[in-house]
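Structure at a glance
Here is what each chain is made of, one letter per residue.
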Number of protein chains: 2
Amino acid sequence: MSRPTARAVHLVARPTGAATAEQFAFVEERVPALESGEALVENLYQSVDPYMREEMDEGGWDLHAPLEGRTLGRVVESRTDALPVGALVFHRQAWRTHAVVTPERAHLLPVFDGVPLSNHLSVLGGTGLSAWVGLTRIARFQPGESIFISAAAGGVGTAAGQLARLLGAGRIVGSAGSAAKAARLVDHLGFDAAFDYHDAPLADRLREAASDGLDVYFDNVGGDHLEAAIGALRDHGRIAWCGAVAQYDDLRNPPAAPRNLYDVVGKSLRLEGFLVRNHLDARPELYDFLVPHLRSGAVVAEETVVDGFDRVVDAFLGVMRGANTGKMIVHLAD
Amino acid sequence: MSRPTARAVHLVARPTGAATAEQFAFVEERVPALESGEALVENLYQSVDPYMREEMDEGGWDLHAPLEGRTLGRVVESRTDALPVGALVFHRQAWRTHAVVTPERAHLLPVFDGVPLSNHLSVLGGTGLSAWVGLTRIARFQPGESIFISAAAGGVGTAAGQLARLLGAGRIVGSAGSAAKAARLVDHLGFDAAFDYHDAPLADRLREAASDGLDVYFDNVGGDHLEAAIGALRDHGRIAWCGAVAQYDDLRNPPAAPRNLYDVVGKSLRLEGFLVRNHLDARPELYDFLVPHLRSGAVVAEETVVDGFDRVVDAFLGVMRGANTGKMIVHLAD
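Residues numbered from 1 in each chain as written. Chains lettered and ligands numbered in written order. Predicted model: local features only at pLDDT ≥ 70, side-chain atom pairs only at ≥ 80, totals over all residues. Heavy atoms only, no water.

Per an unreviewed UniProt entry, the recorded name for chain A is NADP-dependent oxidoreductase, and the organism is Streptomyces rubellomurinus.

So, in structure tokens, the structure goes:
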């Protein structure tokens, strides 16, 4: 069988400040013959994320070598029964048109009629699952409760707001990085109130937006947002602190601790952190709950889809500039 | 019926620094005739606690007026069926030999053969209940788990350590305010390790004492203890942050927030505050679990009992000096 020629992007230099296109190079590679237990995947969609900027620094990705990222693809050739030809799979060999995977490094994904495949990288993927787990398992969100979501215009935030509405939320309040993003939350995504978190003091903005108090805070940020939320939560309120991939920057540069943390005692609050990777077993719950709402249009998967492998570097640079609304995804092939 | 003459202690001056005996006065009062719905209680035991020092400041207790505190007494005369003559009751009219109470302001206590009545002010009272609730409801402590308890030589701490042992704890580590108190935890109260928290750095002492990591932190302190515990907890560890009356001082002067709070996300920790007054329904559970162990001697109720109403001021001043081991209680009558 003739081997396809694959295209890939390598890192060829490390940035000192902002990433630029010159630090990447497009290369061609011959796809190797499969060993037993391997499958060849044609990549269809890949995710580009802010955490990748950190990987460009010393100690991250190697230069002149394959890069990584969350990717969806279709099996086009297989020497393993676990990954049959035609199957849709999730794997981490991004920044290339083709990937050789093993069942240990790839898993099958269901195809839902009427739901775009790209949703597996947004509301049906890690971001949507983070929102679902934070609401249902960590905060144990109940119908009628009011909720505040920080970074609400991001992938996790837009999913959390929409899921909270479907779960019967009372008031839904979000913070976002611009007035335009805040307006979009209210006008298109069902939030009751939203504000630009640059409009300090944050605690005052939150008090105005949630004057009757809050039951749950979905924290994508920490720091001053957490402090404001502790101040606004009612007794017995819960905080789900999300460690999504999108917060990778924060892990190296943690936000300041809230000065009112001791109110966790006086108000009997519960603050619980979580990593979505420990809750992958919740995926079937998320699918069962969300897919009908995606089909009906009740949930909007917030995605910016950039078309074509040639534009993968541009898409990544766009994420770093905040050019995306919701999840930034690159469409590589049909 | 001839009325008994009651004795009481009033506050007659406010301290500027430490409290002294001159700020209190013993007075005699005629016990009034009971109205319908009231009962006369002879006080048997009362608690003296550090929070009372705050009540001596402007805005706290009135001068030349009755004071308050947790008290056990026996009903000696009654005009309400809810508080029959002979019943043991808990109420808050301390610093006096007799009190007129109503069913709204007093509740009946069970008498357990072979268990000292004073235990209702220590392990069977708010301090023991704080330990029980923190372990079972908040931390959801499991057999085999390791635990760190701060302020472990105090009333809540000694109860928490002993209850944890009975609940099947693995390693139990405590911090205390002196080397002697730390030694007592290990020698007499079943702790596996304990240290004087003045031996900084605290995080190092804790790491040495719990080198295999921790599952649960029972927090009576906050601040640097909480920071050290977050550092030592394993993934999915739980922190029960106790708002016992004994920490009243801290509520006005909260401890610094831990600098590593963000590890709550990375380690998937749960930090939950509680106030024992929201968990009074747990009392029957505590009684059922603890009373057999009190009878058998497996649990030591840590109490310093000072004998005689004449010594109630001395007992309070002793608490402020740290003269007590465990709960400081004044025995007023048999």
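Some points on the interface of chain B and chain A
Each partner contributes residues to the interface: chain B has 27 residues there, and chain A has 27 residues. Here chain B and chain A share an interface that buries about 2300 Å² over both sides, 68% of which is from carbon and sulfur atoms. It is Trp 241, Tyr 262 and Val 265 of chain B in chain B that bury the most area against chain A; as a group they hold 30% of the surface buried on that side. Along the contact surface separating chain B from chain A lie 0 salt bridges. There are 3 residue pairs in polar contact (both at pLDDT 80 or more) connecting chain B and chain A. Counting residues per element, the ones that place at least two in the side of chain B that touches chain A are β12 (233-242), α7 (248-252), α8 (263-266) and β13 (270-274) of chain B. Here the side of chain B that touches chain A takes 5 residues from β13 of chain B, the largest share from any one element. Looking at the side of chain B that touches chain A residue by residue, the class counts come to 16 nonpolar, 7 polar and 4 charged. As defined by bridge partners, strand β13 (residues 270-274) of chain A adjoins β13 of chain B across 3 bridges and the pair is classed as antiparallel. Each bridged residue has a counterpart across the sheet, and for Leu 271 of chain A the counterpart in β13 of chain B is Leu 271 of chain B. (Contact = heavy atoms within 4.5 Å. Buried area = accessible area lost by both parts, 1.4 Å probe. Salt bridge = Lys/Arg side-chain N within 4 Å of Asp/Glu carboxyl O. Polar contact = N/O pair within 3.5 Å; in protein donor to acceptor, adjacent residues only side chain to side chain. Helix = DSSP H or I, 4+ residues; strand = E, 2+ residues; numbered from the N terminus. Nonpolar A, V, L, I, M, F, W, Y, C, P; charged D, E, K, R; others polar. Pairing = 2+ DSSP bridges.)

Topic: the sheet that holds β13 of chain A
Overall, mixed pairing links the 12 strands, which are arranged β10(A)-β9(A)-β8(A)-β11(A)-β12(A)-β13(A)-β13(B)-β12(B)-β11(B)-β8(B)-β9(B)-β10(B) in an open sheet. Two strands close off the open sheet at either side, each with one partner strand: β10 (193-196) of chain A together with β10 (193-196) of chain B. If you compare each strand with its neighbour and ignore which way they point, the axes differ by 15 degrees on average. The pairing of strand β11 (residues 214-219) of chain B with β12 of chain B spans 5 bridges and is classified as parallel. Residue pairing in the sheet places Asp 219 of chain B in a bridge with Trp 241 of chain B of β12 of chain B. Contacting β8 (147-149), β9 (172-176), β11 (214-219) and β12 (233-242) of chain A, helix α3 (residues 155-166) of chain A crosses the sheet at an angle of about 165 degrees to β8 of chain A. (Axes fitted to C-alpha atoms, helices over the stretch in contact; angles between N-to-C directions.)

Some words on empty space enclosed by the protein
All names here are of chain A. Considering all chains together, one arrives at 2 cavities of 30 Å³ or more under this definition. Of the voids in this model, the largest cavity is the one considered here, and its volume is about 40 Å³. Split by residue class, the lining of the largest cavity holds 2 nonpolar, 4 polar and 2 charged. Two domains share the lining of the largest cavity, each providing at least three of its residues, namely domain 1 (5-122 + 302-331) and domain 2 (126-278). (1 Å grid on protein atoms, 1.4 Å probe; cavity = no way out; pocket = protein on both sides within 12 Å on 5 of 7 lines; lining within 4 Å. Points joined across faces, edges and corners; volume = space filled by probe spheres on them. Domains from an automatic or database assignment.)

Quick word on the side chain of Ser 118 of chain B
All names here are of chain B. Within the fold, Ser 118 resides in the loop between β7 (106-108) and α2 (126-138). Residue classification places Ser 118 among the buried positions, given a relative accessible area of 4%. Apart from residues no more than four positions distant in its own chain, Ser 118 is found in contact with Tyr 45, Leu 72, Glu 303 and Ile 329. (Buried < 20%, exposed > 50% of the residue type's maximum accessible area, 1.4 Å probe, protein only.)

Points about the relation of the copies chain B and chain A
Each of the two chain copies can be brought onto the other by rotation about an axis and movement along it. By a simple turn and slide, chain B fits onto chain A: the slide is 0.0 Å along the axis, the RMSD is 0.1 Å, and the turn is 180 degrees. Overall, the copies show the geometry of a two-fold rotation axis. Distance from the rotation axis, computed per C-alpha, reaches its smallest value in chain B at Leu 271 of chain B: 2.5 Å. (Least-squares fit on C-alpha atoms with pLDDT ≥ 70 in both.)

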